[in-house]
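Report on the structure
The primary structure of each chain is shown beneath.
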Amino acid sequence: MNIAAVNALPYEDFVDILGNVVEKCPIITAAVWSGRPFLSLAALEAAISEFIDALPESGKEGILRCHPDLAGRDLQSGSLTRESHEEQAGSGMGALNSGEASRMARLNQEYKGRFGFPFVICARMHDKENILRQLSKRCQNERALERARGIEEVKKICHLRLQSLVLTANRL
Ligand SMILES: NC(=O)NC1=NC(=O)NC1=O
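What counts, and where the lines are drawn
- Residues numbered from 1 in each chain as written.
- Predicted model: local features only at pLDDT ≥ 70, side-chain atom pairs only at ≥ 80, totals over all residues.
- Heavy atoms only, no water.
- Helix = DSSP H or I, 4+ residues; strand = E, 2+ residues; numbered from the N terminus.
- Rg over C-alpha atoms; globule rule 2.2 N^0.38 Å.
- Buried < 20%, exposed > 50% of the residue type's maximum accessible area, 1.4 Å probe, protein only.
- Contact = heavy atoms within 4.5 Å.
- Areas by Shrake-Rupley, 256 points an atom, 1.4 Å probe, with all protein chains shown as cover.
- Salt bridge = Lys/Arg side-chain N within 4 Å of Asp/Glu carboxyl O.
- 1 Å grid on protein atoms, 1.4 Å probe; cavity = no way out; pocket = protein on both sides within 12 Å on 5 of 7 lines; lining within 4 Å.
- Points joined across faces, edges and corners; volume = space filled by probe spheres on them.
- Phe/Tyr/Trp six-rings, centres within 6.5 Å; stacked < 30°, edge-to-face > 60°.
- Lys NZ or Arg CZ within 6 Å of the ring centre and 35° of its normal.

A short note on the overall build of the protein
Broken down by element type, the protein carries 10 helices and zero strands. Each helix (α) and strand (β) of the protein, taken in turn from the N terminus, gives the series α-α-α-α-α-α-α-α-α-α. In terms of C-alpha radius of gyration, the protein reaches 16 Å, essentially the compact-globule figure of 16 Å for 172 residues. With the C-alpha coordinates aligned to their principal axes, the bounding extent of the protein is approximately 50 × 35 × 25 Å. Relative to its 172 residues, the protein shows a buried fraction of 48%. Within the protein, contacts between residues separated by at least 24 positions form 70% of all contacts whose residues are at least 6 apart in sequence. Taken as a whole, the protein presents about 8,500 Å² of accessible surface, with 55% of it coming from carbon and sulfur.

Quick notes on the environment of lysine 60
On the secondary structure map, lysine 60 appears in helix α5 (residues 57-65). The class of lysine 60 is buried, set by a relative accessible area of 18%. It is 30 Å that separates the C-alpha atoms of lysine 60 and alanine 95, two residues lying 35 residues apart in sequence. The contacts of lysine 60, once residues within four sequence positions are left out, are Ile52, Asp53, Leu55, Arg147 and Ile151.

Considerations on the pattern of salt bridges
When the charged atoms of two side chains with opposite charge come close together, those side chains can pair. Applying the stated rule across the entire model yields 17 salt bridges. For lysine 155, the salt bridge goes to aspartate 53, with nearest N and O atoms at 2.6 Å. With lysine 155 in helix α10 (residues 143-167) and aspartate 53 in helix α4 (residues 41-53), the pair connects residues that are 102 residues apart, well separated along the chain. The exposure class assigned to lysine 155 is partly exposed, which follows from its relative accessible area of 25%. Among the ionic pairs, glutamate 142 bridges to arginine 114, the shortest N-O distance being 3.9 Å. Residue glutamate 142 is found in the loop between α9 (128-138) and α10, and its partner arginine 114 is found in helix α8 (residues 98-115); the two are separated by 28 residues along the sequence. Here the salt bridges do not stand alone but share partners, grouping Glu57, Glu61, Arg65, Arg143 and Arg147 into one network.

Considerations on empty space enclosed by the protein
This model, assessed by the stated rule, comprises one cavity of 30 Å³ or more. Put simply, the largest cavity is a space of about 130 Å³. Together, 14 residues line the largest cavity, and His67, Pro68, Leu70, Ile121 and Ile157 are the ones closest to its centre. Of all the secondary structure elements, the ones that give two or more residues to the lining of the largest cavity are α7 (82-90) and α10.

Describing the environment of isoleucine 3
By the secondary structure assignment, isoleucine 3 is in helix α1 (residues 3-8). Placed 145 residues apart in sequence, isoleucine 3 and alanine 148 show a C-alpha to C-alpha distance of 29 Å.

Quick notes on the packing of aromatic side chains
Tallied over the entire structure, the rule returns six aromatic pairs. Ring geometry for tyrosine 111 versus phenylalanine 119: centroids 5.5 Å apart, planes at 75°, classification edge-to-face. Considered together, tyrosine 111 and phenylalanine 119 belong to a single accessibility category, that of buried residues. Among the aromatic side chains, those forming a connected cluster through ring pairs are Tyr111, Phe115, Phe117 and Phe119. The side chain of arginine 36 reaches across the aromatic face of tryptophan 33, ending 3.5 Å from its centre.

Spelled out as structure tokens, the structure:
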């Protein structure tokens, strides 16, 4: 699907196809539809990024809270979205040994208890060792820094999801 096909989508299809580029936040996709025609995929991505950047802190934290924990209960119960499942499986989150799994659960709990939103990282860009290392390190940061870091990671996840949806999808 090329950018011309994206621009031609009625908003129902635009949201249906691209609504999960930011995990469980279709409102972002629905909002940026008004900005079409986009000159390029990068321009669409920039519109999403600008929408997120313009949100108040509570909105940014709300986006982070829509993300399932890595190796968390959604993975265990099989209720991850298609994209999250691919990302988590790809980074080895489904193949942790018991020590890694309990360390992940403990650190996720510690992170959430400290910040009030979950640890978010672009799983496709890391293996399980590095995810554990990042989680342990980032637990020590300040809230404002972690809110910003989490949103940066959300944008990386969005970039990769858009690439795979638009550049490879032949749904149209
Ligand atoms: N808490 C998270 O970072 N979740 C995730 N990161 C990804 O890349 N996919 C997820 O589900």
